[in-house]
Protein chains: 2
Amino acid sequence: MNAAAVAGGQVGPSLDLVFQALADPSRRAIVERLARGPASVSELAQPLEMALPSVLQHLQLLEASGLVRSAKTGRVRTCRINSTALDQAERWISRRRSAMERAFDRLGDFLKE
Amino acid sequence: MNAAAVAGGQVGPSLDLVFQALADPSRRAIVERLARGPASVSELAQPLEMALPSVLQHLQLLEASGLVRSAKTGRVRTCRINSTALDQAERWISRRRSAMERAFDRLGDFLKE
């Protein structure tokens, strides 16, 4: 956790866990679905064509990463996306892009001189 | 690979491998360094305080993901960042953000009515 916080230069949920969570197509499909609005666990399970325990395991990892939050009302657990973790991953990537653009500009300046 | 291509709605190197590669602080440190310009393997290894075989293993995964490319000239292997794979990860995240914003707008419209 600390290593990730240092490497990413930020606090909050570990970037390791966020990227790890996004490294699986079923988990990305869950995030894609939740980006369009909250859903129950069974609604999430339906298009995945996988047994409920597997879905719950993916959800557990998504919750640990901070990408998803869930709350139980009666017998229904409703899942929602948490944009903070997604923001964090997006910021990390966009900072790399800025660094690449600056390096490219420096190269351009060097070649002009 | 196919599952990832379907879930991400795109071709090219697998998003699974790209996110997997980014899920480790040492590999992110390598990507951070290479975003500032090309570097030799030994230049990459120095700040990581890890044995060369471990660095090479991380580089192998980064190359498999498409995030990094390398070429050997004489005895020196030079590594460079490949923006395509980073673009792909960035696009996936930004599409989720757009979906979230649209869902939020729809909720706003609904509450206004």
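In what follows, the structure referred to is the one given above.
Residues numbered from 1 in each chain as written. Chains lettered and ligands numbered in written order. Predicted model: local features only at pLDDT ≥ 70, side-chain atom pairs only at ≥ 80, totals over all residues. Heavy atoms only, no water.

Engineer: I'd like to hear about the relation of the copies chain B and chain A, residue by residue, with values.
Structural biologist: Least-squares fitting of chain B to chain A yields an RMSD of 0.0 Å, with the superposition described by an axial translation of 0.0 Å and a rotation of 180°. Considering both components of the superposition, the chain copies are consistent with a two-fold axis. Within chain B, phenylalanine 19 of chain B has its C-alpha nearest the rotation axis, a separation of 2.6 Å. A share of 100% of the interface residues of chain B reappears at the interface of chain A, consistent with the copies meeting face to face through the same patch. (Least-squares fit on C-alpha atoms with pLDDT ≥ 70 in both. Contact = heavy atoms within 4.5 Å.)

Engineer: Which residues make up the interface of chain B and chain A, and what values go with them?
Structural biologist: Counting residues at the interface gives 33 residues for chain B, matched by 33 residues for chain A. A buried area of about 3,000 Å², summed over both sides, lies between chain B and chain A, and 64% of it is on carbon and sulfur atoms. Counting every contact that joins chain B to chain A gives eight salt bridges. Salt-bridge contacts for arginine 96 of chain B lead to glutamate 32 of chain A; the nearest nitrogen and oxygen are separated by 4.0 Å. On the surface where chain B and chain A come into contact, there are 12 residue pairs in polar contact (both at pLDDT 80 or more). When contributions to the side of chain B that touches chain A are tallied by element, the ones reaching two or more residues are helix H1 (2-8), helix H2 (15-22), helix H3 (25-35) and helix H6 (83-112) of chain B. A per-element tally of the side of chain B that touches chain A places H6 of chain B first, with 14 residues. Of the residues belonging to the side of chain B that touches chain A, the class tally is 18 nonpolar, five polar and 10 charged. (Buried area = accessible area lost by both parts, 1.4 Å probe. Salt bridge = Lys/Arg side-chain N within 4 Å of Asp/Glu carboxyl O. Polar contact = N/O pair within 3.5 Å; in protein donor to acceptor, adjacent residues only side chain to side chain. Helix = DSSP H or I, 4+ residues; strand = E, 2+ residues; numbered from the N terminus. Nonpolar A, V, L, I, M, F, W, Y, C, P; charged D, E, K, R; others polar.)

Engineer: Tell me about the pattern of salt bridges, and please be specific about residues and values.
Structural biologist: Enumeration according to the criterion identifies eight salt bridges over all chains in this entry. When the shortest N-O distance is used, the salt bridge between arginine 28 of chain B and aspartate 16 of chain A registers 2.7 Å. Highlighted residues: arginine 28 of chain B in helix H3 and aspartate 16 of chain A in helix H2 (residues 15-22), drawn from two different chains. Look at arginine 28 of chain B and you get buried, because its relative accessible area is 0%. Note that aspartate 87 of chain A is salt-bridged to arginine 97 of chain B, the shortest N-O span being 2.3 Å. Here aspartate 87 of chain A, found in helix H6 (residues 83-112), pairs with arginine 97 of chain B, found in helix H6, and the two come from separate chains. (Buried < 20%, exposed > 50% of the residue type's maximum accessible area, 1.4 Å probe, protein only.)

Engineer: Now, about the sheet that holds strand S1 (residues 39-40) of chain B: what can you tell me, with residues and values included?
Structural biologist: Residues and elements named next belong to chain B. The strand order across the open sheet formed by three strands is S1-S3-S2, and the pairing between neighbours is antiparallel. In this open sheet, the two strands that pair with only one neighbour each are S1 and strand S2 (68-73). Summarising the sheet, S2 and strand S3 (residues 76-81) pair through six bridges and their orientation is antiparallel. By the bridge assignment, lysine 72 is partnered in S3 with arginine 77. Against the sheet, H3 makes contact with S1, S2 and S3, and its axis sits at roughly 85° relative to S3, the strand it touches most. (Pairing = 2+ DSSP bridges. Axes fitted to C-alpha atoms, helices over the stretch in contact; angles between N-to-C directions.)

Engineer: Break down the environment of lysine 112 of chain A for me, citing the residues and quoting the values.
Structural biologist: Assignment of secondary structure puts lysine 112 of chain A in helix H6. Between the C-alpha atoms of lysine 112 of chain A and proline 25 of chain A, which are 87 residues apart in sequence, the distance is 45 Å.

Engineer: How would you summarise the side chain of glutamate 32 of chain A if you had to cite specific residues and measurements?
Structural biologist: Within the fold, glutamate 32 of chain A resides in helix H3 (residues 25-35). A relative accessible area of 17% means that glutamate 32 of chain A is categorised as buried. Among the polar contacts made by the side chain of glutamate 32 of chain A, one reaches the side chain of tryptophan 92 of chain B at a distance of 3.3 Å.

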